Amino acid sequence: MKYKFEKAEKNSVKIRITLDAKEWQQARENAYNKTKGQYSMQGFRKGKVPMKVLENAYGAGIFFEDAINDCFPKYYGEVLDKEPSIEVIARPSLDIEKIDEKGITLVAVVPVKPEVKLGAYKGIKFDKVEYNVEDKDIEEEIKRLRERNSRLIDVTDRACENGDNVIIDYSGSVDGVKFDGGTAEKQPLTLGSGQFIPGFEDQVVGMAIGEERDISVKFPEEYHAENLKGKDAVFHVKLHEIKKTELPEVNDEFIKEAAGAESLDAYKKETKERLEKMNADRAERELENKIIKFIADDSQVELNDSVVEDQIDSMVQDMEYRMMYQGLKLEDYLKYMNITMADYRKNFEGQAREMLKSQFVIGAILDAEKIDATDEEVQERINEMAEKQGKKPIDVSEKMDTKQVEYIKNDIIIKKLFDFLKKENEIK
């Protein structure tokens, strides 16, 4: 195998890999041996058709694609091992420059780590935001605790009110014609929640159990269903049940059972301390983001388009996973929103470029200041983890794979980075 590489445009390297006749023949034979079980011809048992017979029957190029897929990763890896100066950051694009039975020349365009022209990152003034904990914040936590421990009780002696949970049947029509998705039976609804289109829930308020009523509404102009945008509709509604939320009384007994605190006063103190820590962490994260954004905005980084596309791929995949956890499919969401995948991806481009620029700027500062994590520091972090888990450090480290150790190392490095930046800049 022979190779040579040269710089290409937009932070990429062009690697030209040439295999001679013997190497290319071996690659095709490897492809044949992996796939020969798929072929059968008259006069031969399945999987026993000679390579030459298949090439004569289907053409000399029958194994070319499989051979390339098989041999390229091997030779590409060898080139990268021999040339550590090529810092690859994304998948290469591959073209065939020349191919026949005598050999092949492959050209891989490889995105590499871009050059970063760092702006100022020392001696800058930053304002730190502080979030104070007020009595109303603690009361809000108590309110949420009560709501989590609330119960629904039947109401039979009055009409429904805002805040009640009701069970209804409804059937909607436009110009007297029912439409898809406009009919349901025994549908739960919290009045005042805004689950239904504007005006619907307001007109359900005041209905009694067993009552039926026609409700007139207008679909919003921005409604997701094209055939209903801005249309006047009538829903025939029947109310079956009314339930109201009963909140528990706030006292020491409730707090002990719901939160595990010794008393209401103790819970308020613990809550205040927890919120203060959360606010302090939030303020620190915002400060760190502000510092990195300032430095990134003042720096120059030329991003390779394929790297940006890879980042968008990752972000779209992340959103797809989140939707899956909610029982949704991305393709259904796109149909609902009436947008194409191309338009959906465009929404992520700005954020993807900003994230990548910040990552490369951080890397440049780490290199410039020689910030790293030692093996001793990584081991110290593992020791802390073991102590919290009540285990021996050796037992914890033995169960860790390289990715987990790398994660710990990166976490230490990033903490060191921000300690450095906060020390070298003026924080008010």
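Residues numbered from 1 in each chain as written. Predicted model: local features only at pLDDT ≥ 70, side-chain atom pairs only at ≥ 80, totals over all residues. Heavy atoms only, no water.

### Section: the pattern of salt bridges
If charged atoms from side chains of opposite charge come close, those side chains can pair.
Right, on to step 1. All chains considered together, the criterion is met by 39 salt bridges.
Right, on to step 2. For the salt bridge of K243 with E241, the shortest nitrogen-to-oxygen distance reads 3.9 Å.
Right, on to step 3. Here K243 falls in the partly exposed class, since its relative accessible area comes to 23%.
Right, on to step 4. The exposure class assigned to E241 is partly exposed, which follows from its relative accessible area of 33%.
Right, on to step 5. Salt-bridge contacts for D419 lead to K415; the nearest nitrogen and oxygen are separated by 3.1 Å. Within this pair, D419 and its partner K415 are both found in helix 13 (residues 402-424), separated by 4 residues, close to a single helical turn.
Right, on to step 6. On the basis of relative accessible area, D419 is assigned to the partly exposed category, the value being 39%.
Right, on to step 7. When salt bridges that share partners are traced, they join R91, E309, D310, D313 and R345 into one network. (Salt bridge = Lys/Arg side-chain N within 4 Å of Asp/Glu carboxyl O. Buried < 20%, exposed > 50% of the residue type's maximum accessible area, 1.4 Å probe, protein only. Helix = DSSP H or I, 4+ residues; strand = E, 2+ residues; numbered from the N terminus.)

### Overview of the confidence of the model for the protein
In low-pLDDT regions, the fine details of the predicted coordinates are not to be read closely.
Right, on to step 1. Overall, the predicted model of the protein reaches an average pLDDT of 94, with 100% of residues at or above 70.
Right, on to step 2. At the low end of the mean pLDDT range in the protein sits helix 9 (residues 330-337), at 88; at the high end sits strand 11 (residues 232-246), at 97. (pLDDT = per-residue confidence, 0-100.)

### Some words on the packing of aromatic side chains
Right, on to step 1. If you walk through the whole model with that rule in mind, you get 17 aromatic pairs.
Right, on to step 2. Measuring from ring centre to ring centre gives 5.1 Å for F72 and Y76, while their planes differ by 20 degrees; the resulting arrangement is stacked. Placement of the pair is F72 and Y76 together in helix 3 (residues 64-82), with a separation of 4 residues, close to one helical turn. Take F72 and Y76: they sit in the same class, and that class is buried.
Right, on to step 3. Feature note: the residues Y170, F179, F196, F200, F219, Y223 and F235 constitute an aromatic cluster, connected by ring pairs.
Right, on to step 4. In this structure, R282 is placed above the aromatic ring of Y131, and the distance from its NZ or CZ to the ring centre is 3.7 Å. (Phe/Tyr/Trp six-rings, centres within 6.5 Å; stacked < 30°, edge-to-face > 60°. Lys NZ or Arg CZ within 6 Å of the ring centre and 35° of its normal.)

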